[in-house]
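Structure assessment
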Amino acid sequence: MVERSPILTTICHLLLIGGIVLVCMPLYFAFIAGSLTMEQVQQVPMPWLPGGHFIENLATAWSKVDFGQLLVNSFIVAIGITVGKVAISLLSAFAITYFRFRFRILAFWLIFMSLMLPVEVRIVPTYEAVANAALPIQWLIDLLNLQGLWEWISGDRIEISLEWNMLNTYQGLILPLIASASATFLFRQFFLTVPDELLEAARLDGASAMRFFWTILLPLSRSNIIALSIILFLYGWNQYLWPLLFTTDKDMATAVIGVKHLIPRSDTEPAWNVAMSGALLAMLPPVVVVLVMQRWFVRGLVDSSK
Amino acid sequence: MVATTLEPGLKHAHFRTAGLPAMLLLPQLLILLLFFFIPSIRALMQAFLLADPFGATVHFVWFDNFTALFASESYRNSIWVTIWFTLAQNVVTIVVALVLAFATDRVVRFQSAYKGVILLPYAIAPVIAGVIWAFLFNPAVGPIAFCIKSFGIAWDPNLNGWDAMLLVVLAASWKHICYDYIFLVAGLLAVPKSLMEAAAVDGAGPVKRFFQIALPLLGPTLFFLTTMNFVYGFFETFAIIDAVTRGGPAGATNILVYKVYQDGFINLDLGSSAAQSVLLMTFALLLTLLQFKYVERKVNYSI
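In this text, all values refer to a predicted model and were calculated from it rather than measured experimentally.

**Quick word on the overall build of chain A**
- Each helix and strand counted, chain A has 17 helices and zero strands in total.
- Over its C-alpha atoms chain A spans a radius of gyration of 26 Å, topping by over 25% the 19 Å that the globule rule assigns to 306 residues.
- The principal-axis extent of the C-alpha atoms belonging to chain A is close to 80 × 65 × 30 Å.
- Sorting the 306 residues of chain A into buried and exposed places 54% on the buried side.
- Of the contacts made within chain A by residues no fewer than 6 positions apart, 73% connect residues no fewer than 24 positions apart.
- For chain A, the computed accessible surface area is about 14000 Å², with 66% contributed by carbon and sulfur atoms.
- Positive and negative side-chain charges of chain A, numbering 18 and 20 respectively, have mean locations separated by a distance of 13 Å.

Okay, structure coming up:
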């Protein structure tokens, strides 16, 4: 700070307290509503202090949408997205920075193109891709007219129809969300800053490419991996549109989707207390991650948008 | 083995095997092919096709889907809604984040506690933020709706389009302020102390210094955040809309990405939905290009 200005400092504290109230007020009301009975929550005005029914409401929410299963699904999907994306990104970043091969620039641009074209803009075609991942092979067969060729050669008529349906599966929830190159670029930028001497030394010692990757590059990337993993975990846990479309089976939905099913609509009973307790439960894991790993989280956030 | 001629983005010390990098790239490229390139190309193709609802006959219709879109009242409405929504969200988010970042930069005590709490909404799923705000402003039970009504102001986001718009803008901004905030705090920290001190010696007060020195230096960051806010407003607020208003009342909050979903999955008008996807993709690409321009600028002006 350049000069002391007690008045301005006080104003700043007040502004920040205002910011905290802004952040916490909705959460506080959610907590109060989650701890009331359905009659209390409909009182006007609503009580400003929590009641004693939070656990009860949570139990109702738990049994209403089978939260146990949904939380397990959310963990599997979030961790699957995190591990999958970090793994394929590390490998491809290694390939495009440490190897010289003919199609390197092409590979680089193919990955580059996928950057920043959000999944949301190709909702319908991606849904088709997940509903039948074998579709491209089918087109190839149709395009080359393999069926006709076979008929011509052997005289038999066959019908080839391939199907690989990924709806209501974990891979269907995970794979489309891994299909973007942001993490690859983060690792690429980092690999470019790693001193060349490390590889030269490793080579003198007779290390192979993969050995260099495992014993030198991977340990060096540790902090980048942790920071990015937090962001990806939050991203995976908080996904909404994909799980909503891909999971017609209620047991395959995620916790966030479960909350959506708890929202009272005009034709249902106004069980806002149950909805709020469910909402607080579903936001708990990512909130804990952010609070406990704040330093890493901030770093991951700033890094991953570079 | 060590080559001297250098391709861009290639390490000076590198390998020259051909098979291994192909293997390393395979998983990434395979996933991109299945879930990025093929769907994108499919969307492009569908945008120029017209299928009957049962998918029995498909015609190539050139730009008919696009002309039909721009002729339709609901699509033009959706464009305006999106513009208002993203602009309002952008302004609210940036202004609040700037004020909070300025204050954070000035205080010493409790700084990390303030930061920790203000960052919290980042962890909360948009749909959950939406559910909570929908509750707060619910005309029948919401505590804030009660406060508004006690001032004698009519409030019903289920019937009044402007109320609904205000509500989704607030919910979307609440969720996104933390993002802009953390970048602005980092940006303010990078403003050279010497500049600030020199200005203080010349008699500029803290607020004047903020507007005349810090803010211009934050220009690239603000530009970056504005594009990111547009990306957020255009694409990631889907869940908030779906939880709070479902695009209603009467299309008053039906932003473009929500309309793609509605036309594609609820009305099953694939051609129109694909044409909308293509338009959104074009827009996303424009934002990306802007982004890269910014990256270039950041390098030139780095301090």
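Once the structure has been displayed, the description carries forward.
**Some thoughts on the overall build of chain B**
- Within chain B, the regular secondary structure consists of 13 helices and two strands.
- Its C-alpha atoms give chain B a radius of gyration of 24 Å, more than 25% over the compact-globule value 19 Å for 303 residues.
- Counting only C-alpha atoms, chain B reaches 80 × 75 × 30 Å along its principal axes.
- Counting across all 303 residues of chain B, residues that qualify as buried make up 56%.

**A short note on the domain arrangement of chain B**
Residue and element names in this part refer to chain B.
- Entries for chain B in the domain assignment read domain 1 (19–60) and domain 2 (64–301).
- Spacing between the C-alpha centres of domain 1 and domain 2 amounts to 31 Å.
- Taken together, the contacts link eight residues of domain 1 with seven residues of domain 2.
- Buried surface at the junction of domain 1 and domain 2, summed over both partners, amounts to about 600 Å²; 70% is from carbon and sulfur atoms.
- By the criterion of area lost to domain 2, the three top residues of domain 1 are Ala-43, Gln-46 and Ala-47, representing 59% of everything that side buries.
- Applying the counting rule to domain 1 against domain 2 returns zero salt bridges.
- Here domain 1 and domain 2 share zero residue pairs in polar contact (both at pLDDT 80 or more) between them.
- Where the side of domain 1 that touches domain 2 is concerned, the elements lending two or more residues are helix H1 (19–46) and strand E1 (49–51).
- Take the side of domain 1 that touches domain 2: its biggest share by element is four residues, from H1.
- Looking at the side of domain 1 that touches domain 2 residue by residue, the class counts come to six nonpolar, two polar and no charged.

**Focus on the interface of chain A and chain B**
- Each partner contributes to the interface: chain A provides 112 residues, whereas chain B provides 107 residues.
- Approximately 10200 Å² of surface area, both sides summed, lies buried where chain A meets chain B, with 77% of it carried by carbon and sulfur atoms.
- Summed over the shared surface of chain A and chain B, the number is one salt bridge.
- One salt bridge connects Asp242(B) with Lys260(A), and the closest N-O pair in it is separated by 2.9 Å.
- Along the lines of polarity and charge, the residues of the side of chain A that touches chain B split into 83 nonpolar, 16 polar and 13 charged.

**Focus: the UniProt feature "transmembrane region" (unreviewed entry) in chain A**
Residues and elements named next belong to chain A.
- The residues that UniProt annotates with the feature "transmembrane region" (unreviewed entry) are residues 7–31, 75–99, 106–124, 173–191, 212–237 and 274–298.
- For residues 7–31, the helix share is 100%, the strand share is 0%, and the end-to-end C-alpha distance is 35 Å.
- The span residues 75–99 carries 96% helix and 0% strand; its end-to-end C-alpha distance comes to 35 Å.

**What to know about the packing of aromatic side chains**
- Under the criterion given, the structure shown has 39 aromatic pairs over all chains.
- Ring pairs connect the aromatic residues Phe94(A), Tyr98(A), Phe99(A), Phe187(A), Phe190(A), Phe191(A), Phe212(A), Phe213(A), Trp214(A) and Phe15(B), which therefore count as one cluster.
- The residue whose ring lies beneath Lys85(A) is Tyr235(A), and the NZ or CZ to ring-centre distance is 5.8 Å.
- The ring of Tyr122(B) has Lys175(B) sitting right over it, with the charged end atom 5.2 Å from the ring centre.

The rules behind each value
Residues numbered from 1 in each chain as written. Chains lettered and ligands numbered in written order. Predicted model: local features only at pLDDT ≥ 70, side-chain atom pairs only at ≥ 80, totals over all residues. Heavy atoms only, no water. Helix = DSSP H or I, 4+ residues; strand = E, 2+ residues; numbered from the N terminus. Rg over C-alpha atoms; globule rule 2.2 N^0.38 Å. Buried < 20%, exposed > 50% of the residue type's maximum accessible area, 1.4 Å probe, protein only. Contact = heavy atoms within 4.5 Å. Areas by Shrake-Rupley, 256 points an atom, 1.4 Å probe, with all protein chains shown as cover. Lys, Arg positive; Asp, Glu negative; His and termini not counted. Charge placed at Lys NZ, Arg CZ, Asp CG, Glu CD. Domains from an automatic or database assignment. Buried area = accessible area lost by both parts, 1.4 Å probe. Salt bridge = Lys/Arg side-chain N within 4 Å of Asp/Glu carboxyl O. Polar contact = N/O pair within 3.5 Å; in protein donor to acceptor, adjacent residues only side chain to side chain. Nonpolar A, V, L, I, M, F, W, Y, C, P; charged D, E, K, R; others polar. UniProt positions renumbered as here; feature names shortened; annotations may be inferred. Phe/Tyr/Trp six-rings, centres within 6.5 Å; stacked < 30°, edge-to-face > 60°. Lys NZ or Arg CZ within 6 Å of the ring centre and 35° of its normal.

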